[in-house]
Amino acid sequence: MEKTLNVSHSGSSKGKCSADLGNPAQRQARSGSFSPGSGAVSDTHPSQTQKRHLEGVLNKYTNLLQGWQSRYFVLDPELGQLQYFINEYSKNQKPRGSLPLIGSSVALSDEFPFMFTVYAANGDLFKLRAYDAREQQMWMTQLQLCARRHSDGSAKVMSQAEGQQKNLVNSIESLPSRGPLSSLDQDLLLLKATSAATLSCLGECLSILQHNVCQAAQHITHSHTQGSNTDNTSNWSRPKTAPEDYVKNGELARNNTSTIHQPHSPVHRNKERLKDHENSSPESVDSSEEITDTDDNEEEDLGVLDDQRSIILHLLSQLKLGMDLTRVVLPTFILEKRSLLEMYANFMAHPDVFLAITSGVTPEERMIRFVEYYLTAFHEGRKGAVAKKPYNPILGESFHCTWDVPRDKVRPLRTTSSSPASAHSAQTTSNEGLESYRLRFVAEQVSHHPPVSGFYCECKERRTCVNTHVWTKSKFMGMSIGVSMVGEGVLHLLEHDEEYVFTLPSAYARSILTVPWVELGGKVSICCAKSGYSATVTFHTKPFYGGKVHRVTGEVKHNSTGTIVCKAQGEWNGTLEFTYSSGETKVIDTSKLPVIKKKIRPLAKQGQYESRRLWQHVTAALKAGDIDAATEHKHQLEEKQRREGKQRTASSTTWKPKYFIKEGEGWVYHNPLWKTK
């Protein structure tokens, strides 16, 4: 159990402090005699201790395998950092690690004698042990004083900058609303927005990161109270503010509930959800009810209109750099006409390429085919050149669809010689005697805070399935918006008993005041432990000056030998070139790949919480260009979700998804194919 320690300003020494839990004689030989002036705590005035340089040996917890290890720590009061090295002799080299102390906190721990934890504002932490209680208090006191000194200094600078920015805003807002120089002038609104973003950048550590570290410390303290292991604490379970704590931006955060329907009774609501479950279970979907999807939600907008730009500028002027946008009410006109759950389904727009993975002859070829599928999946999932935001799924929302894939379409993307494996695949095809494979897909919003989606796709005939959970984290980046895709997916090839674990890139909406566009960024990994093959794929963001957009590179490696067996380069929404170890090359133009349309039931056949039916009124209003009506329908759905959340809290009812089960830090489909093999 941990408890926060408020230590008074004490502890002064010009010597070194050793704390390695080793032999006291050895320790004294390293650090000198343990007396005031050479490592002990004295009653020096606090102002004399705030710039104190402190260094010595502490034990640092590494992980479950390596446990506690002796490291040499240096507290640099000028840099405001706690650095550590392998030993004292390496302290003139690059630090093995460091923690920024501005905005940090220090907590005493009862797990081990003389243990304490330093929580940095960036989310990192050091678990440390001193030699005895005196040295424990000395380190904790000096760490707290250093953190306070740097935080106070930054606060003074921020206070001055805030005053100047406030004067600027007041000057702009005091201008008349009409005339040659008005308070609504776009250049002045842009100045107002960018000045607020710059100020937020300067105050990020104080206003955002410091808040995060306090939440992290409280969460870990709570975890200890509940008997959990702090080393395995999931970021997903960090405390969140109440759902109703939305950023208010004038008319953007609407509070009018006069047109909202009254909540159903708990009994009626439970019956409705049970009926919805029965009607929308993927196992019970009647394929005869499905029809080929004909909706074309291509976004044709050329850019942000002038009146819309003013609204966005007003919104941006109230945001802080790095702010989590999860609870920010965004204007309806930036919405894309589909749910995020349906966007995930569109990543399977080339199911023939996906199903061809399992027919690879060798582990190497199967990994290469997976990478080929992975790189060709994003152009259709991220449909349209204009950056718009899919609907945030409602808790419990689901999306179901299938694909019928002609068997003659499922063939390798590169030719291979005949082999027993390929012969087996051909024999399987002839024996089954069906004209097409069926690929089933189901997605569900399994959590609201944080917003986690789970989706699962399987083909029983090919004995392959993929299970993925994704947590989207949006943040404000000045003139851009970044969306991190936290989570992972696992592809199961049951015929080969192989699992491919993969991650997803981040997405960025650029130029949000002119013609917004989307680019992907970040490095992702694909790994198959059984076969010993892995792949890394890097989505490159456009440099500030020059450079190509949408560029991607990747390579497939045999882990034990380090041999690169395949390299890829090109654009994820354009042309991709693959080079194999054999010297063979291949070019894939994603824009020319055939798209197989998904099949989906008509709205009347769908459950109340299925995406198309749930968002039908918002979608219809957006297609008609009626932004006010779309905003009202969207607001009703959000209010209903808030009411149901409050009712669950009041009745101490825990939300349980229909199709996915929480396992560890992820979510797994309740009846996956690998459990029925």
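Residues numbered from 1 in each chain as written. Predicted model: local features only at pLDDT ≥ 70, side-chain atom pairs only at ≥ 80, totals over all residues. Heavy atoms only, no water.

Draft legend 1. Representation of the overall build of the protein chain within the structure. The helix and strand inventory of the protein chain stands at 14 helices and 27 strands. Within the span of the protein chain, comprising 677 residues, buried residues form 49% of the whole. Counting only contacts in the protein chain whose residues sit at least 6 apart along the sequence, the fraction spanning at least 24 positions is 64%. Put simply, the protein chain shows about 32,300 Å² of open surface, and 52% of that area lies on carbon and sulfur atoms. (Helix = DSSP H or I, 4+ residues; strand = E, 2+ residues; numbered from the N terminus. Buried < 20%, exposed > 50% of the residue type's maximum accessible area, 1.4 Å probe, protein only. Contact = heavy atoms within 4.5 Å. Areas by Shrake-Rupley, 256 points an atom, 1.4 Å probe, with all protein chains shown as cover.)

Draft legend 2. Focus on the packing of aromatic side chains. A complete count under the given rule lists 21 aromatic pairs for this structure. In this arrangement the basic side chain of Lys 127 is found over the ring face of Tyr 61, its NZ or CZ atom lying 5.5 Å from the centre. When the ring centre of Trp 471 is taken as origin, the NZ or CZ atom of Lys 473, which lies over that ring, is 5.1 Å away. (Phe/Tyr/Trp six-rings, centres within 6.5 Å; stacked < 30°, edge-to-face > 60°. Lys NZ or Arg CZ within 6 Å of the ring centre and 35° of its normal.)

Draft legend 3. Inspection of the environment of Ser 105 at higher detail. Along the chain, the position of Ser 105 falls in strand β6 (residues 105-109). Assessed through its relative accessible area of 23%, Ser 105 is described here as partly exposed. Separated by 20 residues in sequence, Ser 105 and Leu 125 place their C-alpha atoms 9.6 Å apart.

Draft legend 4. Inspection of the confidence of the model for the protein chain at higher detail. Of all residues in the protein chain, 66% attain a pLDDT of 70 or more, and the chain-wide mean is 74. Across the protein chain, strand β17 (residues 498-502) holds the top mean pLDDT of 95, while helix α1 (residues 24-31) sits lowest at 36. Contacts for the low-pLDDT stretch residues 1-50, under 50 throughout, to residues beyond four places or in other chains number 119 contacts. In this model residues 415-433 is a low-confidence stretch, pLDDT under 50, and it forms 14 contacts with partners more than four residues away in sequence or in other chains. (pLDDT = per-residue confidence, 0-100.)

Draft legend 5. Just the nonpolar core, in detail. Tyr 344, Tyr 374, Leu 375, Trp 403, Phe 441 and Phe 539 are the most contacted members of the largest nonpolar core, which has 62 residues in total. With nine residues, helix α10 (residues 363-381) is the largest single contributor of residues to this core. Aside from chain neighbours lying at most four places away, what touches Phe 441 is Leu 341, Tyr 344, Ala 345, Phe 399, His 400, Cys 401, Trp 403, Phe 455, Tyr 456 and Cys 457. Counting 22 residues, the second-largest nonpolar core is a separate cluster that includes Leu 58, Leu 75, Leu 128 and Met 140. (Core = buried A, V, L, I, M, F, W, Y, C linked by side-chain atoms within 4.5 Å.)

Draft legend 6. Just the packing of helix α13 (residues 616-623) against helix α14 (residues 627-650), in detail. Relative orientation of the contacting elements α13 and α14 amounts to 165°, with a least axis distance of 8 Å. When the axes of α13 and α14 are compared, the pair comes out roughly antiparallel. As for how α13 packs across α14, the hand of that crossing is left-handed. Two secondary-structure elements touch here, α13 through His 617, Val 618, Ala 621 and Leu 622 and α14 through Ile 627, Ala 629, Ala 630, His 633, Lys 634 and Leu 637. Classifying every residue of the contact of α13 with α14 by side-chain character gives seven nonpolar, two polar and one charged. (Axes fitted to C-alpha atoms, helices over the stretch in contact; angles between N-to-C directions. Parallel < 35°, antiparallel > 145°, perpendicular 65-115°, else oblique. Left-handed = near helix turned anticlockwise from the far one by under 90°. Nonpolar A, V, L, I, M, F, W, Y, C, P; charged D, E, K, R; others polar.)

Draft legend 7. Geometry of the state of the cysteines. Tallied over the full model, the rule gives zero disulfides. Free of any disulfide, Cys 465 has its nearest cysteine sulfur in Cys 457, 9.0 Å distant. With a relative accessible area of 0%, Cys 465 lands in the buried category. (Disulfide = S-S within 2.5 Å.)

Draft legend 8. Representation of α13 in the model. Those residues of α13 lying buried are Val 618, Thr 619, Ala 621 and Leu 622. Angular distribution of buried residues about the axis of α13 spans 165°; they occupy a single face of the element. Buried residues belonging to α13 abut β10 (335-339), β11 (389-391) and α14. Directly beyond the C-terminal end of α13, a positive phi value near 80° is found at Gly 625. (Arc of directions from axis to C-beta.)

Draft legend 9. Spotlight on the pattern of salt bridges. Considering all chains together, one arrives at 16 salt bridges under this definition. A salt bridge links Arg 369 to Glu 365, with the shortest nitrogen-to-oxygen separation between them at 2.8 Å. A residue pair is termed a helical-turn pair when its members lie 3 or 4 positions apart in one helix, as Arg 369 and Glu 365 do in helix α10 at four residues. Note that Arg 438 is salt-bridged to Asp 404, the shortest N-O span being 2.8 Å. Note that Arg 438 is positioned in strand β13 (residues 436-447) and Asp 404 in strand β12 (residues 398-406), a separation of 34 residues in sequence. Within the structure, one salt-bridge network assembled from shared partners comprises Asp 293, Glu 342, Lys 598 and Arg 612. (Salt bridge = Lys/Arg side-chain N within 4 Å of Asp/Glu carboxyl O.)

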